[in-house]
Each structure stands twice: as C-alpha cells, then as structure tokens.
Amino acid sequence: MKLKGRKIFGGKAEGELIVSQKPLSFLGGVDPETGIVTDAESDIRGQSIAGKVLAFPRGKGSTVGSYVIYALKKNGKAPKAIIVGEAETIVATGAIIAGIPMVDGIDVSKLKSGARARVDAEKGEVEVEE
Amino acid sequence: MYLTKEEELVLAGEYGYALQKAMEILVALGDIYGADRLIPIKSAQIAGVSYKNLGEAGLEFLRDFVNAGARVSVYTTLNPAGIGDEEFMEKQREVLELYRKMKVEVTSTCTPYYGANLPKFGDNLAWSESSAVIFANSVIGARTNREGGPSSLAAAIVGKTPNYGLHLEENRKATVIVDVQAKVKTSVDYAALGYHLGRALGNDVPYLRGIKPKNAEFLKGMGAAMAASGSIALYHVDGETPEHKDAIADKLETITVEEGEVKAVREQFRDDWSDIDMILIGCPHASLQEVKEIAELLAMRGRPLKVPLFITASRAVKALADALGYTEVIERYNGRIMADSCFVVSPVKGWYRGIATNSGKSAFYFRSFGFNVRLDDAENLIKEAP
C-alpha cells in the first residue's frame with residue numbers, strides 16, 4: 001500500500017509501524033528517557049515508540065511537547081519517522097528541531113501497528129507492506 | 001510559501017545552524033497553515049520559561065541552541081519564571097541565563113504591555129502567552145497568533161512570522177455575537193463571563209454586546225479566563241475595543257449569556273475560607289492601579305491578614321509600587337509583591353491546600369491542580385479573609 005502525503009521535514013526512514021488512533025500529547029504523554037507512552041488516554045499506552053515509525057492523527061497538549069521530541073532524539077529513544085493525519089505546531093516543531101523525517105496528510109486509520117513502513121518524507125510518501 | 005532570496009539562503013544554512021532551524025520551523029508552519037509569505041514582526045514574547053514546563057528536555061534544547069549561536073533579531077521579552085526549591089531555582093536561573101545569551105530582554109511577565117514591550121495598533125507580533133496574546137489582539141489591536149514557545153523563539157530569531165491566521169484581516173472578523181444579558185459589573189463578573197465563554201465557544205472570535213468595562217484591567221481578566229478555559233485569541237466589545245466597527249462582516253449566529261450562567265461559574269469556586277491558605281492577586285500580572293487598590297483595601301481593613309497574600313506583577317510595576325510606598329503598606333498587612341514569577345507555572349502541589357483569587361485563569365488552573373478555590377473580587381477577599 002502506497003500513501004501520498006506532504007513533507008513536513010525531509011529524510012528517509014524504514015521501520016516497524018506503531019499506530020495510535022488517538023491524538024497524542026508529548027508533554028506528560030511520552031517518557032523522554034524511555035520512549036514509552038504514558039498518556040492515560042492513549043490507545044498505545046505502555047508501548048515504546050523508540051526506533052519505530054510513529055503514526056497518529058495529530059498532536060495535542062502543551063507546546064513544550066516539542067522539546068520532549070527533541071529529548072527523545074538526544075536520548076536515542078526517538079521514532080525513526082513521524083506520520084500524522086494533520087500536522088500542527090507542536091509535533092511539526094518537535095520533528096524539525098530533532099531532525100526526524102515527518103509527513104502529514106496521511107489517513108492514519110488505514111495503518112496498523114506491526115507492519116513495516118518505508119517513509120520518504122522529501123516526496124511525502126509512505127509505503128506499507130501488506 | 002514564497003521566500004525571498006535572502007530567506008532561501010537562511011533556509012539553506014548559509015547563516016548557520018540556529019537560523020536555519022528557526023527558518024525551517026517558520027517555513028513548515030507557513031506551509032501547514034497556508035501562509036503566502038513571511039512578514040516582519042515588531043516584537044516577540046516567549047513562553048517556555050519556567051523550568052516546570054521546560055523540564056530537562058527544554059533546557060537541553062536551549063543549551064544546544066545557544067551554543068549553535070542562536071540570537072534574537074527583534075525586541076523579545078519572556079513569560080514569567082517558576083519558583084521552587086534550591087535545585088529548581090538553579091535550573092531556573094540557567095534557563096534565564098540562556099535567554100540572556102540569546103539577547104532576550106530578561107523581564108519575565110505575562111503583561112509585557114505594562115512595561116518593557118508595548119505594541120501599537122496594527123503591529124504584527126509573535127507572542128505566545130495566551131493571556132498576552134488575547135490582550136494584544138483585542139484591547140490593543142495588534143496582530144498575533146497563539147504561538148507556542150518554540151515557534152515564538154523561531155520568529156524572534158528570524159524576526160519574521162508566517163502570514164496566516166490572525167495576521168490576516170479576514171480572520172479578525174467576529175464569528176459569533178454574544179448578547180450579554182447578565183449584569184456584569186465587577187472584575188470578578190468579567191472573569192466569570194470570560195471563563196464561561198471560553199468553555200462555550202472554543203476558538204471563535206466573539207463579538208460581545210451589553211458590557212461596559214470600567215477599565216482595561218477588567219478586559220485583561222476576562223480575556224485571560226477565555227484563553228485558559230478555551231482557546232480564544234481575539235474578541236471584540238461593542239463600542240469599546242479598537243476593531244469593533246469593522247468586526248461584523250456577515251450575518252452571524254447570536255448566543256445570549258444569562259445571569260444564571262455567570263453565577264454558575266462563581267458557584268463552582270466558592271470553597272470555604274477554612275480550606276483556603278493563600279490569597280493570590282495578579283493573574284495576569286497586576287497593574288499599578290490594581291496594586292494601589294489592594295494597598296488601599298488593606299489599609300481600610302486595618303488588621304493584618306492571617307492567610308498570606310501574594311501579588312504577582314512585572315518588575316516594572318513592582319519598582320513603581322516600591323517607589324510609591326504601596327509595597328510597604330502591603331507588607332505591613334502580611335502581603336508580598338513578587339516580580340517576574342508565577343504560581344501557575346511553579347511546582348505548587350503540596351505548598352497550599354486552597355487559594356482565594358480574583359482571577360478566572362488562576363481559578364481554572366488551580367482547580368485542575370486539585371486545589372480548593374474561592375473566586376471573588378479583591379474587595380470582598382480582603383474584607384472577608386481571616
């Protein structure tokens with residue numbers, strides 16, 4: 001399955017998908033030390049986003065969440081790429097300062113955790129193995 | 001989004017890593033929100049100052065950014081800092097020092113317009129404190145989106161912001177008319193009205209009819225409450241605010257606010273004095289006029305407060321209060337004026353059980369932190385407090 005979105009921050013990555021069908025808050029929602037999701041309302045609570053291709057509909061919560069994405073990168077616990085339905089300030093800024101490839105405009109409801117995904121953020125493309 | 005040749009060079013990294021990152025943020029936001037170009041800003045105001053909010057993650061980013069040569073290129077002030085134990089304060093001082101190295105004016109207040117950073121009508125800004133954003137847009141008629149901490153920092157470094165949202169004339173028109181039938185007279189009525197509208201409207205641009213605020217402080221308190229309980233960034237008041245005349249372009253839906261709705265907000269915050277162990281005035285930071293009023297109310301009361309009173313204010317207002325003798329009066333009655341700081345952004349859990357305040361914004365946040373809250377006018381609070 002090939003999906004076409006829009007580049008937010010360029011770069012290429014390949015890895016296992018982890019998909020949240022709910023909006024994700026990074027401040028207080030993801031542990032920057034471990035990459036484990038702690039957001040009580042999240043459907044991927046308790047799972048790690050480290051080294052995976054992370055997909056979710058959009059960000060929510062405090063704008064300081066951008067810095068949590070930066071800390072994940074510095075701690076080696078960042079996702080390899082970020083895919084969202086709709087980009088907003090918090091996650092876009094976080095991906096840019098952390099240098100994580102990011103694509104928006106993807107229908108995240110079509111994606112499932114565990115599948116392999118290749119992201120070419122420069123072209124805004126996501127390819128998922130069925 | 002269109003970029004000039006110069007902006008393209010910045011984006012390509014010709015002027016170093018920090019400017020490049022800042023430009024990447026602005027370009028991405030411009031593309032996300034459909035901006036046609038970047039526009040110059042007159043000033044920036046940065047949130048993401050308290051160590052409680054920034055945490056180690058934010059501090060590390062600021063360190064790296066300063067080392068990469070980040071410097072602001074327009075006049076920039078800061079949001080309030082946090083207060084905490086010695087370990088916390090050490091981190092807090094480092095945060096402020098890093099901003100100082102970026103050539104930010106290290107005056108930490110949510111009311112920069114009471115001192116260091118007063119915009120004029122029509123100025124484009126990149127401000128990020130929600131109560132300052134709504135004041136600048138609505139009461140002054142300057143133009144700013146509700147920036148995040150990192151995006152206002154990026155704008156401050158580049159000196160520009162993407163041209164979208166509230167920078168555009170068409171997005172500054174009212175989207176709903178609010179017919180206020182409730183009697184809204186005192187400052188706490190305004191705070192309660194703002195709290196109610198934030199809840200009811202989300203991110204509309206309301207046009208309010210039927211209110212006649214005594215002064216700009218009443219509007220400051222109303223707007224801060226709206227921006228805390230909802231995400232309103234601009235409102236108009238019939239006959240009062242600078243853009244009201246051109247604010248209604250289309251036929252709009254009208255909602256009414258009845259007496260009971262404003263009262264209901266006040267009823268939510270009526271915890272008993274026996275559950276209150278501090279009084280907080282100055283959220284957003286108090287004006288000199290508000291400080292003077294408190295000093296007079298205390299003198300009229302004539303006996304010290306058993307429950308300590310904290311007035312948070314900008315350093316500019318505190319300096320004036322010191323010089324004019326108000327601080328001395330306030331201290332005589334167990335009050336303190338605290339400059340540059342804010343309880344809402346401090347690790348306050350466990351310090352107090354309950355607060356009494358005249359601020360709708362503080363009522364909202366302290367309730368969410370699990371505190372008892374009593375919301376009332378400064379006059380009643382000072383009169384009734386043990």
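Residues numbered from 1 in each chain as written. Chains lettered and ligands numbered in written order. Predicted model: local features only at pLDDT ≥ 70, side-chain atom pairs only at ≥ 80, totals over all residues. Heavy atoms only, no water.

1. Comments concerning the overall build of chain A
Piece 1. When helices and strands are counted, chain A shows two helices and 10 strands.
Piece 2. The helix and strand sequence of chain A, counted from the amino end, reads β-β-β-β-β-β-α-β-α-β-β-β.
Piece 3. Across the 130 residues in chain A, those meeting the buried criterion constitute 55%.
Piece 4. Taking contacts inside chain A between residues at least 6 apart in sequence as the whole, the part at least 24 apart equals 68%.
Piece 5. Element-wise, carbon and sulfur atoms account for 47% of the exposed surface of chain A, whose accessible area totals about 5200 Å².
Piece 6. For chain A, the centre of its 19 positive side-chain charges and the centre of its 17 negative side-chain charges are spaced 2 Å apart. (Helix = DSSP H or I, 4+ residues; strand = E, 2+ residues; numbered from the N terminus. Buried < 20%, exposed > 50% of the residue type's maximum accessible area, 1.4 Å probe, protein only. Contact = heavy atoms within 4.5 Å. Areas by Shrake-Rupley, 256 points an atom, 1.4 Å probe, with all protein chains shown as cover. Lys, Arg positive; Asp, Glu negative; His and termini not counted. Charge placed at Lys NZ, Arg CZ, Asp CG, Glu CD.)

2. What about a positive patch on the surface?
Piece 1. Among the surface-exposed residues, A:Lys2, A:Lys4, A:Lys12 and A:Lys123 lie close enough to one another that they form a single positively charged patch.
Piece 2. Among the structural elements, A:Lys4 can be located in strand β1 (residues 2-4). (Patch = residues over 30% accessible without salt bridge, like charges linked within 9 Å, V, L, I, M, F, W, Y side chains within 5 Å. Salt bridge = Lys/Arg side-chain N within 4 Å of Asp/Glu carboxyl O.)

3. Some details on the sheet that holds strand β4 (residues 105-108) of chain B
Residues and elements named next belong to chain B.
Piece 1. Spatially, four strands are ordered β4-β3-β2-β5 in an open sheet, and the strand pairing comes out parallel. Both outer strands of the open sheet, β4 and β5 (125-127), are each paired with one neighbouring strand and no more. For this sheet, the mean angle separating the axes of adjacent strands, direction not counted, is 20°.
Piece 2. For strand β2 (residues 43-46) and strand β3 (residues 75-78), the ladder comprises four bridges, and the chain directions are parallel. Counted as the bridge partner of Gln 45 is Thr 77 from β3.
Piece 3. Seen against the sheet, helix α6 (residues 149-158) touches β2, β3 and β5 and runs at an angle of roughly 150° to β2. (Pairing = 2+ DSSP bridges. Axes fitted to C-alpha atoms, helices over the stretch in contact; angles between N-to-C directions.)

4. Concerning the interface of chain A and chain B
Piece 1. In this complex, chain A contributes 20 residues to the contact, which on the side of chain B involves 22 residues.
Piece 2. Together chain A and chain B conceal approximately 1800 Å² of surface at their shared face, both sides included; 67% is due to carbon and sulfur atoms.
Piece 3. On the chain A side of the interface with chain B, the three residues burying the most area are A:Tyr67, A:Tyr70 and A:Ile96, jointly 35% of the side's total.
Piece 4. Along the contact surface separating chain A from chain B lie two salt bridges.
Piece 5. Across the salt bridge formed by B:Asp64 and A:Lys74, the nearest N and O atoms sit 2.8 Å from each other.
Piece 6. There are five residue pairs in polar contact (both at pLDDT 80 or more) connecting chain A and chain B.
Piece 7. For the side of chain A that touches chain B, the elements supplying multiple residues, two or more each, are β2 (6-9), α1 (65-74) and α2 (89-98) of chain A.
Piece 8. In terms of residue count, α1(A) provides more of the side of chain A that touches chain B than any other element does, six residues in total.
Piece 9. Partitioned by chemical class, the residues of the side of chain A that touches chain B number 12 nonpolar, five polar and three charged. (Buried area = accessible area lost by both parts, 1.4 Å probe. Polar contact = N/O pair within 3.5 Å; in protein donor to acceptor, adjacent residues only side chain to side chain. Nonpolar A, V, L, I, M, F, W, Y, C, P; charged D, E, K, R; others polar.)

5. Observations concerning the UniProt feature "active site" (unreviewed entry) in chain A
All names here are of chain A.
Piece 1. Within the UniProt annotation, "active site" (unreviewed entry) is assigned to Ser 62.
Piece 2. Relative to the helices and strands, Ser 62 resides in the loop between β6 (59-60) and α1.
Piece 3. Given a relative accessible area of 31%, Ser 62 falls into the partly exposed group.
Piece 4. The residues touching Ser 62, leaving out its near neighbours within four places in the chain, are Leu 27 and Ile 90. (UniProt positions renumbered as here; feature names shortened; annotations may be inferred.)

6. Things to note about the nonpolar core
Piece 1. Within the largest apolar cluster, 74 residues are counted, with the highest numbers of intra-cluster contacts made by A:Phe26, A:Ile49, A:Tyr67, A:Met102, B:Leu62, B:Tyr99 and B:Leu153.
Piece 2. A total of nine residues in this core trace back to one element, the largest contributor, which is helix α2 (residues 17-32) of chain B.
Piece 3. Ignoring any residue separated from it by four or fewer positions in sequence, one finds A:Met102 in contact with A:Arg6, A:Lys7, A:Ile8, A:Phe9, A:Ile82, A:Val84, A:Ala87, A:Val91, A:Ala92, A:Ala95 and A:Ala121.
Piece 4. B:Ala182, B:Leu219, B:Phe310 and B:Phe371 belong to the second largest nonpolar core, which has 46 residues in total. (Core = buried A, V, L, I, M, F, W, Y, C linked by side-chain atoms within 4.5 Å.)

7. Re the UniProt feature "domain: Phosphomevalonate dehydratase large subunit-like" (unreviewed entry) in chain B
Piece 1. In this numbering, the UniProt entry assigns the feature "domain: Phosphomevalonate dehydratase large subunit-like" (unreviewed entry) to residues 1-383 of chain B.
Piece 2. Regarding residues 1-383 of chain B, the helix share stands at 42% and the strand share at 16%, and the terminal C-alpha atoms are separated by 57 Å.

8. Topic: helix α13 (residues 360-368) of chain B
Residue and element names in this part refer to chain B.
Piece 1. Listed as buried for α13 are Gly 360, Lys 361, Ser 362, Ala 363, Phe 364 and Phe 366.
Piece 2. Where α13 is buried, its residues meet α5 (130-140), α7 (187-201), α8 (216-229), β11 (278-286), β14 (354-357) and β15 (372-375).
Piece 3. At the N-terminal end of α13, a side-chain oxygen is found 3.2 Å from the backbone nitrogen of Lys 361, two or three residues along, and the residue is Ser 359.
Piece 4. Just beyond α13, the residue with positive phi is Gly 370, at close to 95°.

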